[in-house]
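# Chains, contacts and geometry: an overview
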Amino acid sequence: MRRIVTATPLIPLPGQIDPVPVARDITPREDGRVDLIGLPKKRIAALFEEAGLDAKQAKLRSRQVFHWLYHRGVSDFEAMTDIGKAMRPWLAERFVIGRPEVVEAQHSSDGTRKWLLRTADGHDFEMVFIPDADRGTLCVSSQVGCTLNCTFCHTGTMRLVRNLTPGEIVGQVMLARDALGEWPKGRMDIPEEETASEYRADGRLLTNIVMMGMGEPLYNYDNVHDALKLVMDAEGLALSRRRITLSTSGVVPMMERCGQEINVNLAVSLHAVRKEVRDEIVPLNRKYGIEELLEACAAYPGASNARRITFEYVMLKDKNDSDEDAHELVRLIKHYNLPAKVNLIPFNPWPGAHYECSDPDRIRRFSEIIFEAGISGPVRTPRGRDIDAACGQLRTAAEKKSRAERDREAAAAR
Ligand code: SAH
Ligand code: SF4
């Protein structure tokens, strides 16, 4: 397939820790058509009206199209059987139903699946699906690369950054449903109740979403907001907000708004409890320190014992993994009276990383200290290690491969 390359400017790197300006919400296409994925229903109606339909028609058609897009997952106007035969080519001339392009798809022996995806203007990003006994979690990216340079994170080493659009974010969920075969197969003319039961009877694998892929979601707030609204919309992908978690490295000024407006579960990448260590491994800490961050957590709308905040803590050997660190973590959680659980994440090494993963015994002891204080502190089992399913690693592997291919080509030309 030919790659469409348009002159989408990359967002200028704002330096280590400043917010990224929000990109436009529609990525222009070379063929001039507009991708409908990621647009609110009202916007679709407005576009239909601009294209020549009268207001009533535009509203009706937008409702029908929206249902086909998000309930049925169709990606071809011809499949929209309740829309007149003559109308379908009219739509196809002006609009498309996009999906991110799949550059590479990998399947781990433990069931984890990972995709390297590409935007219409040629930027690569990742998505990971992690099946468990009782749930299936899709890890969604919010940006291409990340402007924050956490030193243990591979994405943090990537320079080129562009915010993903709402369509590219929600498109990941749609693509995962495509790949997992999770669209209901029914017809449009059956009653809504039947549709609903058919949906549940589907026994879907994809039950949870975490905004924990590439990028800092709170530095692409508007697009993440719009995308998650479509994911949660009862007429959209209809996933409960209780099954969605947004992970931030600590963009304090955006946290309250996120809680109020999106109202999903919050995960915070804490990773260290001492200023000098967190300053080093999560440089955003120099701007928003630990105390400020934990105060914002305490004020997070909707946080309660039933809806706890998850603190992510990557285990780095001799860096943040001592008993004292664990005790300090407990002290802080209690001091701020936080409804919290802690996820201990074994560091996933990548070529060139300056850290090692803590020893298993050390991680176990760290976890015990947290549990002994009455706080849940499980150790996350690394998943998909055979396919490098950690942040940023598939993209780099693909880049390496293409460099190797280039070298071979150059050698052949000599
Ligand atoms: N930018 C957001 C969300 C994406 S990062 C954030 O930082 O929270 C998602 C999670 O992956 C973070 O908790 C991050 O610390 C973790 N992570 C990144 N690189 C990792 C590595 N090499 N090993 C283990 N966890 C890693
Ligand atoms: Fe960005 Fe999160 Fe990686 Fe830090 S851990 S560099 S914020 S993606």
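Everything discussed here concerns the structure shown above.
The rules behind the values
Residues numbered from 1 in each chain as written. Chains lettered and ligands numbered in written order. Predicted model: local features only at pLDDT ≥ 70, side-chain atom pairs only at ≥ 80, totals over all residues. Heavy atoms only, no water. Helix = DSSP H or I, 4+ residues; strand = E, 2+ residues; numbered from the N terminus. Buried < 20%, exposed > 50% of the residue type's maximum accessible area, 1.4 Å probe, protein only. Contact = heavy atoms within 4.5 Å. Near = heavy atom within 4 Å. Nonpolar A, V, L, I, M, F, W, Y, C, P; charged D, E, K, R; others polar. Phe/Tyr/Trp six-rings, centres within 6.5 Å; stacked < 30°, edge-to-face > 60°. Lys NZ or Arg CZ within 6 Å of the ring centre and 35° of its normal. Polar contact = N/O pair within 3.5 Å; in protein donor to acceptor, adjacent residues only side chain to side chain. Areas by Shrake-Rupley, 256 points an atom, 1.4 Å probe, with all protein chains shown as cover. Core = buried A, V, L, I, M, F, W, Y, C linked by side-chain atoms within 4.5 Å. Domains from an automatic or database assignment. Arc of directions from axis to C-beta. Salt bridge = Lys/Arg side-chain N within 4 Å of Asp/Glu carboxyl O.

On to the overall build of the chain. A count of helical and extended segments in the chain gives 12 helices and 13 strands. A total of 414 residues make up the chain; the buried ones form 53% of that total. Pairs at least 24 apart in sequence give 68% of the contacts found in the chain among residues at least 6 apart.

For ligand 2, the full set of nearby residues is Cys146, Leu148, Cys150, Cys153, Gly156, Gly215 and Ser249. Among the residues making up the shell around ligand 2, the classes are represented as four nonpolar, three polar and no charged.

Below, the discussion takes up the packing of aromatic side chains. Here the structure, examined in full by the defined rule, presents four aromatic pairs. On the basis of an interplanar angle of 35 degrees and a centroid distance of 5.0 Å, the ring pair of Tyr313 and Phe366 is categorised as tilted. Of the two residues, Tyr313 is situated in strand β12 (residues 309-315) and Phe366 in helix α11 (residues 360-372); the sequence distance between them amounts to 53 residues. Of the two residues, Tyr313 and Phe366, neither departs from the other in class, the shared state being buried. Of note, Lys41 hangs over the ring of Phe66, and the distance from its end group to the ring centre comes to 5.0 Å. Taking the ring centre of Trp183 as reference, the NZ or CZ of Arg177 above it sits at 5.4 Å.

Moving on to the site of ligand 1. Around ligand 1 lies a shell of 20 residues, among which Ser247, Ser269, His271, Glu312 and Asn348 are the nearest. Gly215 places a polar main-chain atom, nitrogen or oxygen, 2.9 Å from a nitrogen atom of ligand 1. If ligand 1 stood free it would expose 540 Å²; the protein chains cover 92% of that surface. Looking at side-chain class alone, the shell around ligand 1 contains 10 nonpolar, eight polar and two charged residues.

What follows concerns the side chain of Asp124. Counting through the fold element by element, Asp124 comes out in strand β5 (residues 124-131). Judged by its relative accessible area of 14%, Asp124 is buried. Within the local environment of Asp124, its side chain forms a polar contact with the side chain of Arg118, the two groups lying 2.6 Å apart.

Among the nonpolar cores identified, the biggest contains 110 residues, and Leu36, Phe152 and Phe311 are the most heavily contacted of them. When we break this core down by domain, the ones giving at least three residues each are domain 1 (34-96) and domain 2 (101-413). Setting aside anything within four residues of it in sequence, one finds Leu36 in contact with Ile44, Leu47, Phe48, Val65, Leu69, Tyr70, Phe77, Phe95 and Val96.

Before going further, it helps to spend a moment on helix α7 (residues 252-262). Inspection of α7 places Val252, Met254, Met255, Cys258, Gly259 and Ile262 among the buried residues, and these make up the whole buried set. Mapping the buried residues of α7 onto a view down its axis gives an arc of 140 degrees, with all of them on the same face. In this fold, the buried residues of α7 make contact with α6 (221-232), β10 (244-248), β11 (265-269) and α9 (290-298). Positive backbone phi, approximately 60 degrees, marks Asn263, located one or two places after α7.

This next bit is on the pattern of salt bridges. Any two side chains of opposite charge can pair, on the condition that their charged atoms come close. This structure, assessed with the given rule, holds 24 salt bridges. The partner of Asp31 in a salt bridge is Arg33, with the nearest N and O atoms 3.0 Å apart. For Asp31, a relative accessible area of 39% puts it in the partly exposed group. Judged by its relative accessible area of 26%, Arg33 falls in the partly exposed class. The network of salt bridges with common partners includes Asp110, Asp132 and Arg383.

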